[in-house]
Amino acid sequence: MNIRIGLIGNQNCGKTTLFNQLTGSNQHVGNFPGVTVEGKTGIIKPSFFKGEEFSGQTITAELVDLPGIYSLSPYTSEEIVTRDFLTSGHPDALINILDATNIERNLYLTLQLMEMQIPMVVALNMMDEVRSAGNAIDVAALEQELKIDIIPIAANKGEGVLELAQRAAAAAIRKKTPEKLDFCDGPVHQAIHSIAHLIDDHAAAAHLPLRFAATKLVEGDEPILKALQLNANEQDILGHIVAEMETALGTDREAALADMRYAYIARITRDTVHRHGETKEQLRSIKIDSILTHRILAIPIFLAIMALIFYLTFGLIGAALSDWLSAGIEFVSAAADSALSAYGLNPLVQSLIIDGVFAGVGSVLSFMPTILVLFFFLALLEDSGYMARVAFVMDTVLRKIGLSGKSFVPMLIGFGCSVPAIMAARTLSSRRDKKLTIFILPFMSCSAKLPVYALFTAAFFPDRAPLVMIGLYIGGMIVAVLGALLLRNTIFRGNPVPFVLELPAYRLPSLHSMVLNIGEKAKDFLYRAFTIICAASVAVWFLTTFDVKLNVAADPEHSILAILGSCIAPVFRPLGFGGWQLSTALVTGLTAKETVVSTLAVLLGTGAGTGLQAALAQFMSPAAALAFLTFVLLYMPCVASLAVTRREIGRRNALAAMVFQTGTAWIMAWIVYHAALLFGL
């Protein structure tokens, strides 16, 4: 039997943790609202369905992890994704996960989900924190009130997960829908029931639950109104019903329904939820926030933390690990070269393997430890809940440049990779905010640029590597601010939308989650190294080895690549690096920024490590190196990012973003080059 179950709940209530427990998937878990941007799917472990209740049946249960939402109103991308799944995805059952430490707020969504008349069970998560605070929830009494199965769990520890999976599957198999609750009274009660009578046949034709459709019309839900296809007379009657309700209550339509639901929630939790104090996590969070979100100290503390991370990554831990790996790669490359020579392999094929594949891929692989160390520290900050505070603190700053704190989420993701960062921008409420954010996202230095930074800082600024790295990251953010100010006052005029963010309690990061996160990054890096970067290295080797008549070039200066690179080299001459090798590396960097390093390794005839650093030091000045780093930091991202940008904001806007980013990169690189010359570099 095949069943489909949706996993749905508020942001930061533990959905992805539960998803991993149920499916064994490696989805990244972050203590940060909005980690799940789109629905993710997995298969619930078959071992969960071996009880007597399922004897003789083979259950295949697909679980869909939906974005965190607070209601079923179609205002945000997360709510739209979830609503589309509920109305068109044909789920056999729902698991509604609640944060037991904040049950009143979480039950608001539960009441709306019950109106959908889809088989459902409720997972009451974080019960371990409730118990540790000396609090209690009468689950049996709450079940009696809501007339729905409620299972207490602690997803991070796996408590109650087996029972939850079995109860959810049973609900799907038996098609056990929630009992209809009629908890409204007064003018709201009259309005809902009057509208239900009015739209009964329309709701049936549109395959929408009647109670759900009626309450959504009270709220003024445009998509539901359109789906019901009411005629002009019926819409007029609907308007009169809502107007009478608003007049009687002295409030607007949305507030009337919200008040009704929260009044009912207060009534049922009064006797079922027994609190004696805040949880330890909440008390600890209040104390820590008094410092980390301080009006004056918050941003300096954040910058100090990031400076420490960069020092550990590029100066103490990551650099040493990368040096060891580089030495290992050089040893393997030399051994392979000797073995192939002893074998008598064709010199051209040997050059392809050693000078193309080994030099290109090896030069990039040597920087993998540095990248993974940086991601370890960033994951530590995210999983602890600190990054949510940074977004909250940055709202004031971002609002001054025309963005809200919500834009900080994709900007933060941009430090990892521009592709998911651009996709995360779809969660922004206004199209203006979305476009403006995507235009400046590539200025956030993605991890693919780290090998370039590490190579050039080691070659030109070995004693100041952490300082240069910090300067690049902060410089990217400053340029993003300046770019946003320019765009806000020219192309994207207007004000940012209001920003509301839930601050999760600080929690100790899960070692399992951290390992999964780092493992994902390592897997992605290796995949890029042995696919895109390997292919680019081979292509660069071919174009460097042969001339236009496909004869082996006696001198790389006469190769196909030299001719092509010489055509664009004059563009970069004012920036201090007019050599065709560097110009070509920037072009190949559009496939993936790491290929800048692999291309230079092939073109300069060196492998990974000190050989490439020494060759670069002879090839350009420190001032030109700074300009080159600035250009790499700011110019348009890889082709994958460009493709996602085109999908999100259209071809014309994507082209405009590409021109804006590359033009900004050229101007800033020119400024940095001439400033460096003034300081004698």
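Structure: above.
What comes next is a walk through the structure. From a predicted model like this one, the values you see are computed outputs, not experimental measurements. (Residues numbered from 1 in each chain as written. Predicted model: local features only at pLDDT ≥ 70, side-chain atom pairs only at ≥ 80, totals over all residues. Heavy atoms only, no water.)

## Points about the overall build of the protein
Across its full length, the protein holds 30 helices and eight strands. Over its C-alpha atoms the protein spans a radius of gyration of 29 Å, differing by no more than 12% from the 26 Å that the globule rule assigns to 681 residues. Its C-alpha atoms put the protein at 90 × 60 × 50 Å along the principal axes. Per-residue burial over the protein gives 55% buried out of 681 residues. Split by element, the accessible area of the protein, about 29,000 Å² in all, is 62% carbon and sulfur. With 51 positive and 56 negative side-chain charges, the protein shows a separation of 5 Å between the mean positions of the two kinds. (Helix = DSSP H or I, 4+ residues; strand = E, 2+ residues; numbered from the N terminus. Rg over C-alpha atoms; globule rule 2.2 N^0.38 Å. Buried < 20%, exposed > 50% of the residue type's maximum accessible area, 1.4 Å probe, protein only. Areas by Shrake-Rupley, 256 points an atom, 1.4 Å probe, with all protein chains shown as cover. Lys, Arg positive; Asp, Glu negative; His and termini not counted. Charge placed at Lys NZ, Arg CZ, Asp CG, Glu CD.)

## Thoughts on the packing of aromatic side chains
The full count for this structure, using the stated rule, is 14 aromatic pairs. When the centroid spacing of 4.8 Å and the interplanar angle of 15° are considered together, the rings of Phe-456 and Phe-628 count as stacked. One end of the pair, Phe-456, is in helix H21 (residues 450-460); the other, Phe-628, is in helix H28 (residues 622-634), and 172 residues separate them in sequence. Phe-628 matches Phe-456 in its accessibility class, with the two residues each being buried. By way of ring pairs, the aromatic residues Phe-456, Phe-460, Phe-461, Phe-572, Phe-577, Phe-628, Phe-631 and Tyr-635 are connected into one cluster. Against the face of Tyr-108 rests Arg-261, its NZ or CZ located 5.5 Å from the ring centre. The cationic tip of Lys-593 hangs over the ring face of Tyr-635; the distance from NZ or CZ to the ring centre is 4.4 Å. (Phe/Tyr/Trp six-rings, centres within 6.5 Å; stacked < 30°, edge-to-face > 60°. Lys NZ or Arg CZ within 6 Å of the ring centre and 35° of its normal.)

## What about the sheet that holds strand E4 (residues 93-99)?
Taken together, six strands build an open sheet; the order of strands is E2-E3-E1-E4-E5-E7 and the sheet is mixed. Looking at the sheet topology across the chains shown, the edges are occupied by strand E2 (40-43) and strand E7 (150-152). Direction aside, the axes of adjacent strands within the sheet are offset by 25° on average. Where strand E5 (residues 120-125) lies against E7, three bridges are found, and the strand directions are parallel. Within E7, the position partnered with Leu-124 by the bridge is Pro-152. (Pairing = 2+ DSSP bridges. Axes fitted to C-alpha atoms, helices over the stretch in contact; angles between N-to-C directions.)

## Some remarks on the pattern of salt bridges
Within this structure, the stated rule accounts for 18 salt bridges. Arg-261 serves as the salt-bridge partner of Glu-219, at 3.0 Å between the closest nitrogen and oxygen. One end of the pair, Glu-219, is in helix H8 (residues 210-219); the other, Arg-261, is in helix H11 (residues 253-272), with 42 residues separating them in the sequence. A salt bridge links Glu-648 to Arg-647; its shortest N-O distance comes to 3.8 Å. Residue class for Arg-647 comes out exposed when judged on its relative accessible area of 54%. A single salt-bridge network, built from bridges that share partners, covers Glu-115, Arg-211, Lys-216, Glu-219 and Arg-261. (Salt bridge = Lys/Arg side-chain N within 4 Å of Asp/Glu carboxyl O.)

## With respect to the side chain of Thr-23
Relative to the helices and strands, Thr-23 resides in helix H1 (residues 15-23). What makes Thr-23 buried here is its relative accessible area of 13%. A polar side-chain atom of Thr-23 sits 2.7 Å from the main-chain carbonyl oxygen of Phe-19. Beyond its immediate chain neighbours, meaning those up to four positions away, Thr-23 contacts Gly-42, Ile-43, Ile-44, Lys-45 and Leu-63. (Polar contact = N/O pair within 3.5 Å; in protein donor to acceptor, adjacent residues only side chain to side chain. Contact = heavy atoms within 4.5 Å.)

## Focus: the nonpolar core
If you look at the biggest cluster of nonpolar residues, it comprises 108 residues, and the most contacted ones within it are Tyr-453, Phe-456, Phe-577, Leu-616, Met-620, Phe-628 and Phe-631. Element by element, the count of residues in this core is highest for H28, at 10 residues. Those residues in contact with Met-620 that lie beyond four places of it in its chain are Phe-456, Phe-460, Phe-577, Leu-582, Ala-625 and Phe-628. Ranked by size, the runner-up nonpolar core spans 62 residues in total, among them Leu-72, Leu-181, Val-218 and Met-260. (Core = buried A, V, L, I, M, F, W, Y, C linked by side-chain atoms within 4.5 Å.)

## What to know about a nonpolar patch on the surface
Where nonpolar side chains cluster on the molecular surface, the patch consists of Ile-299, Leu-303, Val-397, Ile-474, Ile-478 and Leu-482 and spans about 460 Å² of accessible area. Those elements that provide at least two residues to the nonpolar patch are helix H13 (298-316) and helix H22 (465-488). For the nonpolar patch, the element with the most residues is H22, which contributes three residues. By secondary structure assignment, the location of Leu-482 is in helix H22. (Patch = residues over 30% accessible without salt bridge, like charges linked within 9 Å, V, L, I, M, F, W, Y side chains within 5 Å.)

## Quick look at H11
Across its 20 residues, H11 extends 29 Å between first and last C-alpha, which sits within 8% of the 28 Å expected from 1.5 Å per residue. Where H11 begins, one side-chain oxygen reaches toward the backbone nitrogen of Glu-254, 3.1 Å away; that side chain belongs to Asp-252. (Expected span 1.5 Å × (residues − 1).)

## Examining the packing of H13 against helix H17 (residues 386-400)
Contact geometry for H13 and H17: axes closest at 10 Å, N-to-C directions at 130°. As far as their axial angle goes, H17 and H13 are oblique. The interaxial crossing formed by H13 with H17 has left-handed handedness. Here H13 contributes Ala-298, Ile-299, Ile-301, Phe-302 and Ile-305 to the contact with H17, which in turn contributes Tyr-386, Val-390, Val-393 and Val-397. In terms of residue class, the contact of H13 with H17 is built from nine nonpolar, no polar and no charged. (Parallel < 35°, antiparallel > 145°, perpendicular 65-115°, else oblique. Left-handed = near helix turned anticlockwise from the far one by under 90°. Nonpolar A, V, L, I, M, F, W, Y, C, P; charged D, E, K, R; others polar.)

## Thoughts on the pairing of E5
Counting buried positions along E5 gives six out of six residues, so the element sits mostly inside the fold. Neither face of E5 is left uncovered, since the one carrying Met-120, Val-122 and Leu-124 and the one carrying Val-121, Ala-123 and Asn-125 both have all their residues buried. Direction of pairing for E4 relative to E5: parallel, over a ladder of six bridges. Its bridge partner lying in E5, Ile-95 is registered against Val-121.

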